[in-house]
Amino acid sequence: MSHRASSRSFLLRAVALAAAVVAGVAFAPSAHAAPLPVSYSFFSGIGPALAHPYGSLAGSNDYRCRPSADHPNPVVLTHGTGGSAQTNWGTYVPLLKNNGYCVFALTYGALPGAPAPFNQIGGMGRIETSAAQLKTFVAGVLRATGASRVDIVGHSQGTLMPAYYARRLDGARTIDKYVSIAPLWEGSGGRAVASFTPTLRRLGITETGLPLCSACGQMQTGSDLLAAVNAGGSPYVPGITYTNISTTGDEFVVPYTSGQVPGRPGDNVTNVVVQRGCSQDHSDHLSIAASRRAAVFVLNALDPARPRPVPCLPVLPIVG
């Protein structure tokens with residue numbers, strides 16, 4: 001080999017090595033990355049969603065993330081009605097990422113055919129269809145991360161929709177821990193709504209026929225969807241560990257005890273009401289999804305081997 005060829009070969013190898021180093025710095029997760037800022041406000045995800053309608057919050061949907069031995073399950077976040085992968089999770093994406101989790105969030109049930117950013121308003125379609133979208137999403141997360149199961153953290157409709165996936169779409173084998181914030185296992189509206197449902201059906205008003213929001217009627221007490229989720233007398237599926245975190249100030253889940261269904265023998269269920277032991281907590285349906293107190297309950301549910309003290313701090317309705 002000539003001196004010129006040898007020099008050129010060395011130069012090419014050096015360039016390739018430099019490129020590899022740069023790529024490693026640019027794309028490999030850093031063990032020493034600075035913590036992401038955590039805002040305990042339910043509305044903290046709206047700004048990023050408006051700026052990048054099809055994007056993801058910083059810290060989420062990194063398909064190069066590999067779960068650690070301490071946190072082997074990726075966490076999949078499922079938003080509530082009218083939410084999205086960004087708007088619902090301004091608190092939880094950075095919080096979970098900072099605590100060493102691989103975090104993923106999808107927008108499901110979005111309005112079809114609407115212009116951006118309105119086509120990123122999720123939780124509007126039929127819950128069965130949204131559950132199928134979750135199934136596809138979870139399969140992609142498991143393939144990318146190499147994990148065998150995920151943990152679910154949901155809010156509002158996002159506590160109910162995965163239950164259909166678990167019970168009806170073979171999702172139980174992929175879910176380990178299932179943490180629900182403002183859950184509604186028995187729907188909203190109570191006996192009054194349940195007794196009125198047959199009359200609505202006779203008038204031709206169906207649960208999924210509401211304008212814009214097909215899912216809304218499915219979340220009302222007495223719906224066919226809830227009957228499917230609660231088949232066998234319980235929303236809980238064997239093999240999954242459940243934690244339900246509710247607030248007495250919930251203005252959408254009425255009564256709030258709809259989300260505090262006790263487990264049957266053999267079920268692994270923990271029910272939490274944030275006001276128990278903390279009268280300063282005035283969380284409503286929105287602010288509970290950004291409450292520091294609720295957030296520590298979530299962290300403890302995901303990592304029960306390393307529990308941390310749960311704070312009692314003032315929480316205001318809506319804003320947190």
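What counts and what doesn't
Residues numbered from 1 in each chain as written. Predicted model: local features only at pLDDT ≥ 70, side-chain atom pairs only at ≥ 80, totals over all residues. Heavy atoms only, no water. Pairing = 2+ DSSP bridges. Helix = DSSP H or I, 4+ residues; strand = E, 2+ residues; numbered from the N terminus. Axes fitted to C-alpha atoms, helices over the stretch in contact; angles between N-to-C directions. Contact = heavy atoms within 4.5 Å. Parallel < 35°, antiparallel > 145°, perpendicular 65-115°, else oblique. Nonpolar A, V, L, I, M, F, W, Y, C, P; charged D, E, K, R; others polar.

- In the nomenclature of an unreviewed UniProt entry, the protein is known as Lipase of Williamsia phyllosphaerae.

### Comments concerning the sheet that holds strand β2 (residues 103–106)
No. 1: The strand order across the open sheet built from six strands is β2-β1-β3-β4-β5-β6, with neighbouring strands paired in parallel fashion. In this open sheet, the two edge strands, each paired with only one partner strand, are β2 and β6 (268–273). For this sheet, the mean inter-axis angle between neighbouring strands, taken without regard to orientation, is 15°.
No. 2: Of the strand pairs in this sheet, strand β4 (residues 175–181) and strand β5 (residues 241–246) are connected by five bridges, and their pairing is parallel. Bridge pairing links Y178 to Y242 in β5.
No. 3: Contacting β1 (75–78), β2 and β3 (150–155), helix α4 (residues 127–145) crosses the sheet at an angle of about 155° to β2.

### Focus on the packing of α4 against helix α5 (residues 157–168)
No. 1: Axis separation between α4 and α5 bottoms out at 8 Å; the angle between their running directions is 75°. For the element pair α4 / α5, the angle class is roughly perpendicular. Here α4 contributes I127, E128, S130, A131, L134, K135 and V138 to the contact with α5, which in turn contributes Q157, L160, M161, P162, Y164 and Y165.
No. 2: Broken down by class, the residue content of the contact of α4 with α5 amounts to nine nonpolar, two polar and two charged.

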